[in-house]
Amino acid sequence: MASSDPGAGTDGYLAYSYLEPPLALPFPLAPELGRVPPYDGGLTADERARADRLLRENVVISLHDHPVRFPADMADTPAYNRTGRQHTAYAGLAASGLTVVFDNLMDGTACVTGHAPWRWDDVVTDLGMRQADLAHQDRVVVVRTVADVARVKAEGRVGLVLGLEAATPIENEVERLDVLHGLGLRQIGIAYSDSNALGSGLAEPRDGGLTSFGRRAVRRMNQLGLAIDVSHSSPQTALDVCAVSDRPVLLTHGGARAVWDIPRMMPDDVLRAVAGTGGVIGISAAPHTTVSTAHPRHSIASVMDHAEHVAALVGVEHLGFGPDTLYGDHVGLHTVFADLMGGATVGAPPHERVPYVDGLENPTECFANIAGWLVQHGWSDDDVALVLGANALRALGETWLP
Ligand SMILES: [Zn+2]
């Protein structure tokens, strides 16, 4: 799948190259291909061929990633984000085998005009700026409907679902959900680590669940066909959302607390509640999150321990993947934004620190290696098709407007 030609499969367009004079960032960006050595999953030639065929034949949906290039030195990211312009990784996406990727924009690091994320103006800047750049090419396009997904698959393009990891920017105005939907957003989280007007985040010392305003917001999200994500919400908030929502609820990127006991992972009752709505649980691979007791060095094996737990708990029809990767040093990102992202992994059992998660380092390699691992471990073609994208597509069909 992956190619060594950085322009392969694209029209050669580079992010923001329409600007005159060209945007001159005072620091280099991480490469889209080849930042880390290629992963060797030890597949036989037949296994590799079968995995590649499954990627080609099926709709492949990443429920959560950041398919953009970060600075080569992550310490430059605050200055990078203040430009308002994160650079879509066009060549990396073209080589990924992905049909659709949920693109969560600058998320908890959207600090364009200040040093705290989630300001309304910053989020709107991020949404508009990325789409202004996307409009200059047609290999990577924003998808807003299930019909759009079918179209990009048929045409061999890559679709982006625009998402936000928290509804914090709407403050106390339900109507801003309509505005975000109008700007192309199709997935939204309730709260991030900190609580907001809708509900509790996952890093709070007390779990207040979904607020009255949060209940009104969930109803509006349902009416708008805005997919709801509870990945960073507190467990009680997630349970309340599942009880209130009349559409499938997504946990786009997470894992099981039964497998690795940190706040960022969800207890089994939340995983069951998400599945009970018809939702899908996407397994994350963000460094030092989906570790497991059996595999305390974060790897594709520990990520799959979470996937197999979820499949056994709620059924394979509620499993997917949201690797939460990006183009650049993700471990470095966690260090630079420790004050904004800390709290999710406090109290983790002892485990080895890794520079990156081998095999799940960036959006280009993730799904080729996930498909490879599933083939290698005896999964049927039908089950692989479900977890690569069919489950997510079904849930979106029950959520989005036609
Ligand atoms: Zn996240």
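Keep in mind that what you see is a predicted model, and the values were worked out from it rather than measured. (Residues numbered from 1 in each chain as written. Predicted model: local features only at pLDDT ≥ 70, side-chain atom pairs only at ≥ 80, totals over all residues. Heavy atoms only, no water.)

A. Spotlight on the overall build of the chain. If you tally the helices and strands in the chain, you get 14 helices and eleven strands. Since a compact globule built from 402 residues should have a radius of gyration of about 21 Å, the 19 Å found for the chain is in line with a globular shape. Here the C-alpha coordinates of the chain stretch approximately 55 × 50 × 45 Å along the principal axes. When burial is assessed residue by residue, the chain has 60% of its 402 residues classed as buried. The long-range fraction of contacts in the chain, counting pairs at least 24 apart against all pairs at least 6 apart in sequence, stands at 75%. For the chain, the accessible area works out to roughly 14,500 Å², and carbon and sulfur atoms hold 52% of it. For the chain, the distance from the average position of its 29 positive side-chain charges to the average position of its 49 negative side-chain charges is 4 Å. (Helix = DSSP H or I, 4+ residues; strand = E, 2+ residues; numbered from the N terminus. Rg over C-alpha atoms; globule rule 2.2 N^0.38 Å. Buried < 20%, exposed > 50% of the residue type's maximum accessible area, 1.4 Å probe, protein only. Contact = heavy atoms within 4.5 Å. Areas by Shrake-Rupley, 256 points an atom, 1.4 Å probe, with all protein chains shown as cover. Lys, Arg positive; Asp, Glu negative; His and termini not counted. Charge placed at Lys NZ, Arg CZ, Asp CG, Glu CD.)

B. The arrangement of the packing of aromatic side chains in detail. All chains considered together, the criterion is met by five aromatic pairs. When the ring of F27 is compared with that of Y80, the centres are 6.2 Å apart and the planes differ by 80 degrees; the resulting orientation is edge-to-face. In this pair, F27 is assigned in the segment before α1 (45–57) and Y80 in helix α2 (residues 77–82), connecting sequence segments 53 residues apart. When sorted by exposure, F27 lands in the same class as Y80, which is buried. Taken together, the ring pairs in this structure connect F27, F70 and Y80 into an aromatic cluster. Across the ring face of Y16, the terminal group of R85 is positioned such that the distance to the ring centre comes to 5.5 Å. The lysine or arginine in question, R176, covers the ring of W120, its NZ or CZ lying 4.8 Å from the ring centre. (Phe/Tyr/Trp six-rings, centres within 6.5 Å; stacked < 30°, edge-to-face > 60°. Lys NZ or Arg CZ within 6 Å of the ring centre and 35° of its normal.)

C. Structural context of the coordination of the zinc ion. Coordination sphere of the zinc ion, protein contribution only: E165 (OE), H232 (NE2) and H253 (NE2), at 2.1 to 2.2 Å. Each donor residue of the zinc ion belongs to the same chain, with the gaps between them written as E-x66-H-x20-H. One end of the pair, E165, is in the loop between β5 (158–164) and α6 (175–182); the other, H253, is in strand β8 (residues 249–254), with 88 residues separating them in the sequence. Looking at E165, the relative accessible area reads 2%, which means it is buried. Note on H253: relative accessible area 0%, which makes it buried. (Donors = N, O, S within 2.8 Å, 3.2 Å for Na, K, Ca; no water.)

D. Region of interest: the pairing of β5. Taken across its seven residues, β5 has seven buried, putting it largely inside the fold. By the alternation rule, side chains of β5 split into V158, L160, L162 and L164 and G159, V161 and G163, which are all buried. The pairing of strand β3 (residues 100–103) with β5 spans four bridges and is classified as parallel. Residue pairing for β5: F102 is matched across the bridge by V161. Pairing of strand β4 (residues 140–142) with β5, which is carried by three bridges, proceeds in the parallel orientation. Note that in β5 the partner of V141 across the bridge is G159. In this region the chain leaves β4, passes through helix α5 (residues 146–155) and returns to the parallel neighbour β5; the handedness of that crossover is right-handed. (Pairing = 2+ DSSP bridges. Right-handed = clockwise from strand over helix to strand, strands pointing away.)

E. Layout of helix α8 (residues 235–244). Residues of α8 that are buried include every one of P235, T237, A238, D240, V241 and C242, and no others. On the buried face of α8, the contacting elements are α7 (212–224), β7 (227–229), β8 and α9 (268–276).

F. How the structure looks around unusual backbone geometry. Of note, the amide linkage connecting E20 to P21 takes the cis form, showing an omega dihedral of 0 degrees. Of note, P21 is situated in the segment before α1. Although it is not a glycine, L105 sits at a positive phi angle of roughly 50 degrees. Position of L105 among the secondary structure elements: in the loop between β3 and α4 (120–134).

G. Here's a closer look at α6. The set of residues buried in α6 consists of R176, L177, L180 and H181. All buried residues of α6 project into a common sector of 150 degrees when viewed along the axis, lining one side. Positive backbone phi, at 110 degrees, marks G184, one or two positions downstream of α6. (Arc of directions from axis to C-beta.)

H. Looking closely at the pairing of strand β6 (residues 185–189). Within β6, five of the five residues are buried, leaving the element largely enclosed by the surrounding structure. Direction of pairing for β5 relative to β6: parallel, over a ladder of three bridges. Note that in β6 the partner of G163 across the bridge is Q187. The pairing of β6 with β7 spans three bridges and is parallel. Residue pairing in the sheet places I188 in a bridge with I228 of β7. Following the chain from β6 across α7 to the adjacent parallel β7, one finds a crossover that is right-handed.

Distances and angles like these do not, on their own, reveal function.
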